[in-house]
Amino acid sequence: MLHLSTLITRPVLAALALATVSAVAVHAEDAKSDPALANSINKDDKTSESEPELLKKNAAVKVEDGKYLDAEGHPTFHITDNGKKLDWYSYSGYRRYHAECHVCHGPDGMGSTYAPALKDSLKHLSYEEFIGILVGGKQDINAAEQKVMPAFGDNKNVMCYSDDLYVYLKARASGAIGRVRPNEKEDKPEAAKKHEKECMGS
Ligand code: HEC
């Protein structure tokens, strides 16, 4: 004998399962294509060396207090106005980089005879690896000439802005910005002001 209950529940459950799957898919798609989070980069800027895969991987999926986050929850950049306008952290990172890092790593992350091009290093370095190197430094003991990346763990001018440095260099590595001197930027978020005050102890 056929049970009426099986006849009804099977298709209903299948339909429910399908509905759930498509609802999730649509939701993920929405997050990715949110126009407010999309980058608008200057495709004509040859100095940016655009990397479509990395632009996709590092795309922001949400924003919290002016800080953009990628799908893994790590900080990321947000470039708008045809490459002219930077989110606050990328802009701050640009300034910090040119104050603390460029003497060895060259302007715009281009590298020097002494230290590697960070616009290339950040193509593969993860957030955790980057912060680890910043805190503890790095030394190639096999190199004929001793080249040392200093440890910045005790340097507040660097460590209080580690996320800023990271997102600026990720933007360079992805080709979201070229060798530009940014002037337009998003407003400094309240969260950034608070963090700076607490971190710098001023
Ligand atoms: C005194 C020179 C000097 C300064 C200043 C300096 N670095 Fe370095 N950095 C180096 C050298 C040299 C290396 C290569 C070390 C090695 O691989 O052995 C390096 C390596 C790195 C690496 C690893 C790159 C890779 O491909 O593995 C990162 C990331 C990095 N530096 C970030 C920074 C940041 C961010 C700043 C600024 C806050 C900075 N560095 C300031 C000299 C410097």
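Rules used in this analysis
- Residues numbered from 1 in each chain as written.
- Predicted model: local features only at pLDDT ≥ 70, side-chain atom pairs only at ≥ 80, totals over all residues.
- Helix = DSSP H or I, 4+ residues; strand = E, 2+ residues; numbered from the N terminus.
- Buried ≥ 20, exposed ≤ 12 C-beta atoms within 10 Å, placed from the backbone.
- Contact = placed C-beta atoms within 7 Å.
- Pairing = 2+ DSSP bridges.
- Near = placed C-beta within 6 Å.
- Nonpolar A, V, L, I, M, F, W, Y, C, P; charged D, E, K, R; others polar.
- Axes fitted to C-alpha atoms, helices over the stretch in contact; angles between N-to-C directions.
- Parallel < 35°, antiparallel > 145°, perpendicular 65-115°, else oblique.
- Core = buried A, V, L, I, M, F, W, Y, C linked by C-beta atoms within 7 Å.
- Expected span 1.5 Å × (residues − 1).

An unreviewed UniProt entry annotates the protein chain as C-type cytochrome, methanol metabolism-related of Methylobacterium komagatae.

Student: Any chance you could explain the overall build of the protein chain here in plain terms?
Tutor: Regarding its fold elements, the protein chain presents nine helices and eight strands. Every one of the 202 residues in the protein chain was classed for burial, and the buried ones make up 25%. For the protein chain, contacts bridging at least 24 residues in sequence account for 64% of all contacts bridging at least 6.

Student: Which parts of the structure should I look at to understand the sheet that holds strand β3 (residues 75-76)?
Tutor: Working definition: the strands of a sheet are paired by backbone hydrogen bonds and lie parallel or antiparallel to each other. Ordered in space as β1-β2-β3, the three strands form an open sheet in which the pairing is antiparallel. Pairing within the sheet leaves two strands with one partner each, and these edge strands are β1 (62-64) and β3.

Student: Looking at this structure, I do not really get the site of the ligand. What am I missing?
Tutor: Close to the ligand lie 24 residues; Cys 101, Cys 104, Ser 121, Asp 140 and Met 149 are nearest. At the level of elements, α4 (102-105), α5 (118-124), α6 (127-136), β6 (138-139) and β7 (148-149) are the ones that each hand at least two residues to the shell around the ligand. For the shell around the ligand, the per-class residue count stands at 17 nonpolar, three polar and four charged.

Student: Please clarify how the packing of helix α3 (residues 88-100) against helix α8 (residues 162-174) should be interpreted in this entry.
Tutor: A pair of packed helices is characterised by two quantities: the angle between their axes and the separation of those axes. Two elements in contact, α3 and α8, have axes whose closest approach is 7 Å; the angle formed by their N-to-C orientations is 95°. On the basis of the axis angle, α3 is roughly perpendicular to α8. Mapping the contact onto sequence places Tyr 89, Ser 90, Ser 92, Gly 93, Tyr 94, Arg 96 and Tyr 97 in α3 and Asp 163, Asp 164, Leu 165, Val 167, Tyr 168 and Ala 171 in α8. Grouping the constituent residues of the contact of α3 with α8 by class yields seven nonpolar, three polar and three charged.

Student: Please clarify how the nonpolar core should be interpreted in this entry.
Tutor: If you look at soluble globular proteins, the nonpolar side chains tend to sit buried side by side. Formed by 28 residues in total, the largest nonpolar core has its most connected members in Ile 79, Tyr 168, Leu 169 and Ala 171. Of all the secondary structure elements, the ones that give two or more residues to this core are α3, α5, α6 and α8. With seven residues, the single largest contributor to this core is α8. Excluding anything up to four places from it in sequence, Ala 171 contacts Phe 77, Ile 79, Ser 90, Ala 176 and Ile 177.

Student: Before we go on, may I ask you to explain α8 in this structure?
Tutor: The α-helix advances 3.6 residues per turn, and as a result positions three or four apart in sequence lie on the same side. Between its first and last C-alpha, α8 extends 18 Å over 13 residues, near the 18 Å set by a 1.5 Å rise per residue. In terms of residue burial, α8 counts as a mostly covered element, since twelve of its 13 residues are buried. Among the residues of α8, those classed as buried are Asp 163, Asp 164, Leu 165, Tyr 166, Val 167, Tyr 168, Leu 169, Lys 170, Ala 171, Arg 172, Ala 173 and Ser 174. Phi turns positive, to about 80°, at Gly 175, one or two residues after α8.

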